[in-house]
Amino acid sequence: MQLGMIGLGRMGGNMVRRLMKAGHECVVYDRSPEAVKGLASEGAVGSGSLTEFVGHLKKPRAAWIMVPAGEATQSTVDDLSSIMEPGDTIIDGGNSYYKDDVRRAAALRASGLNYVDVGTSGGVWGIDRGYCMMIGGPAEAVARLDPIFRALAPGIGDTARTPGRPAGRGTAEQGYIHCGPSGAGHFVKMVHNGIEYGLMQAYAEGFDIFRNANAKELPEEHRFDLDVAEIAEVWRRGSVVGSWLLDLTAMALIENPDLTNYTGFVQDSGEGRWTVMAAIEEAVPAEVLSASLYARFRSRKDHTFAEKILSAMRNKFGGHVERASGG
């Protein structure tokens, strides 16, 4: 099958490589001529402009956008929609807000264009491991793109089948799923990333407790000098908290046990915020996900004003004086 890819960064470029390895033809475009040239040298059809890009695509065309969410995605959708024709499909594989997907799909539908949103998880490892995809859009358009999704997905691989799951139930065990109409794919990916925040925060706090298990504030007989890298490793072997996130943590700790190559300044992609907003709209309690989002905000400050308020109150009611280190 043929697919056009706009945005050849770490995700987009590797997705093109995985598709070409599976025998698909890829037409590519990026604002960076060097990125286009690089993939063209690997077998892709390069384009110097969006008009040229659309011209290389066979009808009905399929153009996958892999650029940052927000204005960059919106402007690309707008530019493409003015060139493409009824029956063509625009695919947003970035991390767009699902409400934007619903709005875009309605606008494109009026012009006879299909809009498919694909929440994509796999990161820089996806080229080898495959990409987990959560898809929203019209059933017919999604079905036509199935060869693309199947090539990008991990497949069953070595993952054991879920006991009791009927054979042939759907594509989920292949690593991709049609979640529903436009917007549903990015909605599921949004919550996926919100959950990811919570899982990451739980690991981070647990390993921080290990790190401070020999603190001088503890009675000497209660102090433990723990090898956190080895704890991460042993948990990978049969523990109920084993996961790919733990695998990556173990990797980082074996490379640098003190993690001195990191500052601890943690950004949020936006999807954690959107997940909390969705929980509020649905009146669903999401304490862990909310706390993990706030912890990321906290990571960007040396000390918050709230902590200064706490310190002042402790001093006033109990005479507690801050330590010389300011802790």
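Here the structure is shown first, and the text comes after it.
All of these numbers come straight from a predicted model, not from anything done at the bench.

**Q** Explain the environment of V77 to me, using residue names and the numbers behind them.
**A** With respect to the secondary-structure elements, V77 resides in helix 4 (residues 71-81). On the accessibility criterion, V77 (3% relative accessible area) is buried. Note: C-alpha distance between V77 and G55 (22 residues apart in sequence) is 16 Å. In contact with V77, other than residues within four places in its own chain, are I65, I90, R104, L108 and Y115.

**Q** An account of the pairing of strand 4 (residues 62-65) is needed here, citing residue identities and associated values.
**A** Burial along strand 4 is two-sided: A62 and W64 facing one way and A63 and I65 facing the other are all buried. As paired elements, strand 1 (residues 2-6) and strand 4 share three bridges and run parallel to each other. Bridge pairing in strand 4 links M5 to W64. Bridging between strand 4 and strand 5 (residues 89-92) involves four bridges; their strand directions are parallel. Note that in strand 5 the partner of W64 across the bridge is I91. Assessed by its sense of winding, the connection that carries the chain from strand 4 through helix 4 to strand 5 is right-handed.

**Q** Can you lay out the packing of aromatic side chains for me, pointing to particular residues and giving the numbers?
**A** For any pair of aromatic rings, the description rests on two quantities: the centre-to-centre distance and the angle between the ring planes. Tallied over the full model, the rule gives nine aromatic pairs. Ring centres 4.8 Å apart and planes at 35° place the aromatic pair Y97 and W274 in the tilted group. Taken together, the positions of Y97 in the loop between strand 5 and helix 5 (98-109) and W274 in helix 12 (residues 271-282) put the pair 177 residues apart, joining distant regions of the chain. Judged by relative accessible area, which is 14%, Y97 ranks as buried. An aromatic cluster is defined as three or more aromatic residues linked by ring pairs; in this entry it consists of Y97, Y98, F187 and W274. Against the face of W244 rests R129, its NZ or CZ located 4.0 Å from the ring centre.

**Q** Go over the environment of V228 with me, naming the residues and quoting the values.
**A** With respect to the secondary-structure elements, V228 resides in helix 10 (residues 228-235). In this structure V228 comes out as buried when scored by relative accessible area, which is 10%. Separated by 29 residues in sequence, V228 and P257 have C-alpha atoms that sit 7.4 Å apart. With residues near it in sequence (within four places) discarded, V228 still touches F207, F210, R211, L253 and P257.

Parameters and conventions
Residues numbered from 1 in each chain as written. Predicted model: local features only at pLDDT ≥ 70, side-chain atom pairs only at ≥ 80, totals over all residues. Heavy atoms only, no water. Helix = DSSP H or I, 4+ residues; strand = E, 2+ residues; numbered from the N terminus. Buried < 20%, exposed > 50% of the residue type's maximum accessible area, 1.4 Å probe, protein only. Contact = heavy atoms within 4.5 Å. Pairing = 2+ DSSP bridges. Right-handed = clockwise from strand over helix to strand, strands pointing away. Phe/Tyr/Trp six-rings, centres within 6.5 Å; stacked < 30°, edge-to-face > 60°. Lys NZ or Arg CZ within 6 Å of the ring centre and 35° of its normal.

That's the geometry; what it means functionally is another story.
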